[in-house]
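Listed here are the chains, written in short residue letters.
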Amino acid sequence: MTTIPLSTLDLVLAALLLIINGWISVRLDLGLERTLAVAAARMVVQLLLVALVLRMLFETVSPALTALAASVMVGFAGYEAMARQDRRLTGAWSYGLGTTAMLFAGVTVTVVALATQLRPDPWFHPRYAIPLLGMVLGNTMTGVALGMERLVDSLRRDRLAVESMLALGYTRPEAFRPAVRVAVRAALIPVINTMAATGLVFLPGMMTGQILAGADPMLAVKYQMLVIFLIAGGTGLGVIIAVKGVAYRLSDGRHRLRLDRLAPARR
Amino acid sequence: MTAAVLRVEGLRRPPLEPVSLCLAGGEILAVSGPSGAGKSLLMRAIADLDPASGAVQLDDRRREDWSGPQWRALVTYLPPVPGWWEDRVIDHFRDAHRDAARDLLEALALPGGILERPVADVSTGEAQRIGLARALVQQPRVLLLDEPTSSLDPAGTRQVERLLGDWLSGDRAILVNSHDEEQAERLAHRRLTMNNGRLAAA
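On a predicted model such as this, the values are computed, not experimentally measured, just so you know. (Residues numbered from 1 in each chain as written. Chains lettered and ligands numbered in written order. Predicted model: local features only at pLDDT ≥ 70, side-chain atom pairs only at ≥ 80, totals over all residues. Heavy atoms only, no water.)

### A short note on the pairing of strand 7 (residues 142-146) of chain B
All names here are of chain B. Where we set the bar: Burial classes follow relative accessibility: with a 1.4 Å probe on protein chains only, a residue under 20% of its type's maximum area counts as buried, one over 50% as exposed, and anything between as partly exposed. Secondary structure elements follow DSSP: runs of H or I of four or more residues count as helices, runs of E of two or more count as strands, with numbering from the N terminus. Two strands pair if DSSP finds at least two bridges between them. Handedness is read with the strands pointing away from the viewer; a crossover is right-handed when the path from the first strand over the helix to the second is clockwise.
Within strand 7, 5 of the 5 residues are buried, which leaves the element mostly enclosed by the surrounding structure. Burial of strand 7 is two-sided: the residues Val142, Leu144 and Asp146 facing one way and the residues Leu143 and Leu145 facing the other way are all buried. Note: strand 6 (residues 75-78) against strand 7, 4 bridges, orientation parallel. In the sheet register, Thr76 faces strand 7, and the bridge partner there is Leu143. After leaving strand 7, the chain enters helix 5 (residues 154-167) and then returns to the sheet as strand 8 (residues 173-177), a path that is right-handed.

### Quick word on the layout of surface pockets
Residues and elements named next belong to chain A. The criterion, for reference: The way it works is a 1 Å grid over only the protein atoms, where trapped points that fit a 1.4 Å probe form a cavity and open points with protein on both sides within 12 Å along at least five of seven lines form a pocket, and then any residue with an atom within 4 Å of a point lines it. Grid points are joined across faces, edges and corners, and a volume is the space filled by probe spheres set on the points.
Counted as a void, the largest pocket has a volume near 1000 Å³. Forming the boundary of the largest pocket are 24 residues, of which Leu54, Phe58, Arg127, Pro131 and Gln210 lie nearest the centre. When residues of the lining of the largest pocket are traced back to their parent elements, those giving at least two are helix 3 (33-60), helix 6 (126-157), helix 9 (205-212) and helix 10 (217-249). Among the elements that take part in the lining of the largest pocket, helix 3 stands out by supplying 8 residues, more than any other.

### Points about the domain arrangement of chain A
All names here are of chain A. Definition in use: For the domain bounds, the source is a domain assignment made automatically or taken from a database. Here a residue-residue contact requires only that any non-hydrogen atoms of the pair lie within 4.5 Å. Values labelled buried area give the accessible surface lost by two parts on being combined, using a 1.4 Å probe and summing over both. The term salt bridge refers to a side-chain nitrogen of Lys or Arg lying within 4 Å of a carboxyl oxygen of Asp or Glu. Residues adjacent in sequence count toward polar contacts only when both atoms are side-chain atoms; beyond that, a polar contact is any pair of N or O atoms within 3.5 Å, and within protein one must be able to donate a hydrogen and the other to accept it. Residues are grouped as follows: Ala, Val, Leu, Ile, Met, Phe, Trp, Tyr, Cys and Pro are nonpolar; Asp, Glu, Lys and Arg are charged; every other residue, Gly included, is polar.
As assigned here, chain A comprises domain 1 (1-60) and domain 2 (62-261). Averaged C-alpha coordinates put domain 1 and domain 2 at centres separated by 28 Å. Contacts between the two partners involve 8 residues from domain 1, matched on the other side by 10 residues from domain 2. Carbon and sulfur atoms make up 70% of the surface buried where domain 1 meets domain 2, a total of about 770 Å² over both sides. Where domain 1 packs against domain 2, one counts 0 salt bridges. Applying the counting criterion to the domain 1 and domain 2 interface returns 1 residue pair in polar contact (both at pLDDT 80 or more). When its residues are assigned to classes, the side of domain 1 that touches domain 2 shows 5 nonpolar, 3 polar and no charged.

### Regarding the pairing of strand 3 (residues 28-32) of chain B
Residues and elements named next belong to chain B. With respect to burial, strand 3 is a largely interior element, 5 of its 5 residues being buried. The alternating pattern of strand 3 places Ile28, Ala30 and Ser32 on one face and Leu29 and Val31 on the opposite face, and all of these are buried. In the sheet, strand 3 pairs with strand 9 (residues 190-195) via 4 bridges, with the strands oriented parallel. Residue pairing across strands places Leu29 opposite Arg190, the latter belonging to strand 9.

### Considerations on a nonpolar patch on the surface
As a reminder, the rule being used: Any residue with relative accessible area above 30% and no salt bridge may belong to a patch, with like charges joined within 9 Å and the nonpolar Val, Leu, Ile, Met, Phe, Trp and Tyr side chains within 5 Å. Computed by Shrake-Rupley with a 1.4 Å probe, the accessible areas treat only the displayed protein chains as cover when residues are assessed.
A contiguous nonpolar patch, built from Leu17(A), Ile20(A), Trp23(A), Ile24(A), Leu28(A), Leu30(A) and Leu32(A) and spanning about 710 Å² of accessible area, is present on the exposed surface. The topology assignment puts Leu30(A) in the loop between helix 2 (18-27) and helix 3.

### Side note on the interface of chain B and chain A
Across the contact, 27 residues belong to chain B and 17 residues belong to chain A. Summed over both partners, the interface of chain B with chain A comes to about 1900 Å²; 54% of that surface belongs to carbon and sulfur atoms. Linking chain B to chain A there are 3 salt bridges. With a shortest N-O distance of 2.6 Å, Arg44(B) and Glu163(A) are connected by a salt bridge. At the junction of chain B and chain A, the tally comes to 10 residue pairs in polar contact (both at pLDDT 80 or more). Every element with two or more residues in the side of chain B that touches chain A is listed here: helix 2 (68-74), strand 6 and helix 4 (124-136) of chain B.

### Description of the sheet that holds strand 4 (residues 53-58) of chain B
All names here are of chain B. Let me state the cut-off plainly: In this analysis, axes come from line fits to C-alpha atoms, helices being fitted only over the stretch in contact, and the angle between any two N-to-C directions falls in the range 0 to 180 degrees.
Pairing within the open sheet is antiparallel, and its 4 strands lie in the order 2-1-4-5. Because the sheet does not close on itself, it has two edges, and the strands there are strand 2 (19-24) and strand 5 (61-62). Sheet strands in contact with helix 1 (residues 39-46) are strand 1 (4-12) and strand 2, and its direction is about 110° off that of strand 1.

### Here we look at the sheet that holds strand 10 (residues 198-201) of chain B
Residues and elements named next belong to chain B. In spatial order, the strands read 6-7-8-3-9-10; together these 6 strands make up an open sheet with mixed pairing. Edge strands, defined here as strands with exactly one partner in the open sheet, are strand 6 and strand 10. On average, each strand axis in the sheet is tilted by 20° relative to the strand beside it, whichever way the strands run. Strand contacts of helix 1: strand 3, strand 6, strand 7, strand 8, strand 9 and strand 10, with the helix running at about 150° to strand 8, the strand carrying the most contacts.

Written out as structure tokens, the structure reads:
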């Protein structure tokens with residue numbers, strides 16, 4: 001493996017490309033210059049911090065610190081999933097459900113991969129556990145957020161149909177089934193599309209990174225396949241938990257539709 | 001008239017004031033009042049579609065003794081506009097109910113073959129009558145009819161009223177919301193009015 005080292009000057013030169021974006025913003029009067037600068041600065045600072053944290057984790061290989069880092073990641077992913085919801089569940093459910101879904105899906109899939117395919121020593125070695133969990137969480141988050149959003153949206157829009165079924169004595173799983181199907185489908189489509197287009201339409205970032213860092217393309221591809229399978233599995237698991245959770249929360253033991261458990265729309 | 005079929009006591013469903021009423025076997029009770037007075041909310045509360053406290057009984061059994069779906073199959077609320085969840089009309093009837101549905105739709109003067117039509121091709125007035133048939137085939141004990149003829153012409157309205165009269169028997173009852181004063185007068189054995197969430201004798 002040969003890695004061409006990058007100097008700070010190399011990065012500064014690459015960052016100059018942002019001037020193009022800034023120029024577009026000024027010319028078209030988009031008013032995005034400030035946002036652009038802040039976003040770029042955030043990216044640089046966040047990634048540098050991550051590098052420091054990862055370096056520290058890899059040096060110590062402590063189970064407690066690895067678990068702490070994983071919790072922080074799950075926490076942020078949960079927050080992101082919630083922030084993407086236009087209509088949130090009330091109370092602790094709003095943050096708790098998405099977070100629980102991702103915690104369960106992310107940890108399950110990552111641990112399975114560590115225990116069966118990768119088998120590092122120790123099994124929780126942060127060099128493997130943290131990047132894997134990150135990949136799985138990042139993608140599961142999209143599915144979870146989409147699924148929750150779509151279910152809430154369908155239940156609100158098709159309220160008359162759902163309540164007509166309930167009024168005729170259908171149970172909540174029967175009455176919610178059409179909306180649940182729409183939501184799960186919408187949430188799974190992106191990961192399916194990604195699988196179909198990978199390699200043809202785009203080269204996944206992780207694989208590209210590995211190849212640039214000098215890895216054998218075949219090895220990089222194998223890793224990428226593993227990651228995509230993990231992402232697909234994690235998304236499926238996370239979406240089912242999140243969608244079923246929303247369905248459970250927006251109904252009750254008397255099989256009523258409880259849209260009153262949605263917080264008012266933001267904005 | 002026979003013994004009480006449906007008994008409601010101190011039903012609280014804000015913003016409505018607590019409601020008590022009783023439906024005798026074979027009785028039609030009409031509630032009239034302006035839009036927004038809370039007539040639909042009252043029906044939804046009785047059908048257990050919205051949370052409400054208070055006592056509701058069918059025969060002498062408390063509502064809590066049934067599951068929500070069991071209760072609503074017996075005490076069925078019919079919204080003024082029915083909801084659809086499948087593409088074709090017939091898919092909204094359970095297999096066992098389809099023959100009965102054909103007979104009912106014929107009695108409601110709907111064209112033969114309407115069951116096979118896509119929901120998108122059904123007119124508002126047809127939809128309202130199909131909605132009624134959908135409830136009736138399940139043989140509920142109490143019907144909570146919310147403006148049951150609001151989309152119908154006079155002939156259609158008469159057909160519905162006649163069908164309801166035939167359906168009624170000693171162990172069944174109907175609560176009907178109507179802002180059509182003449183209809184309330186024609187149909188009901190007893191009348192109440194709802195104003196600002198408050199139910200009173202007409």
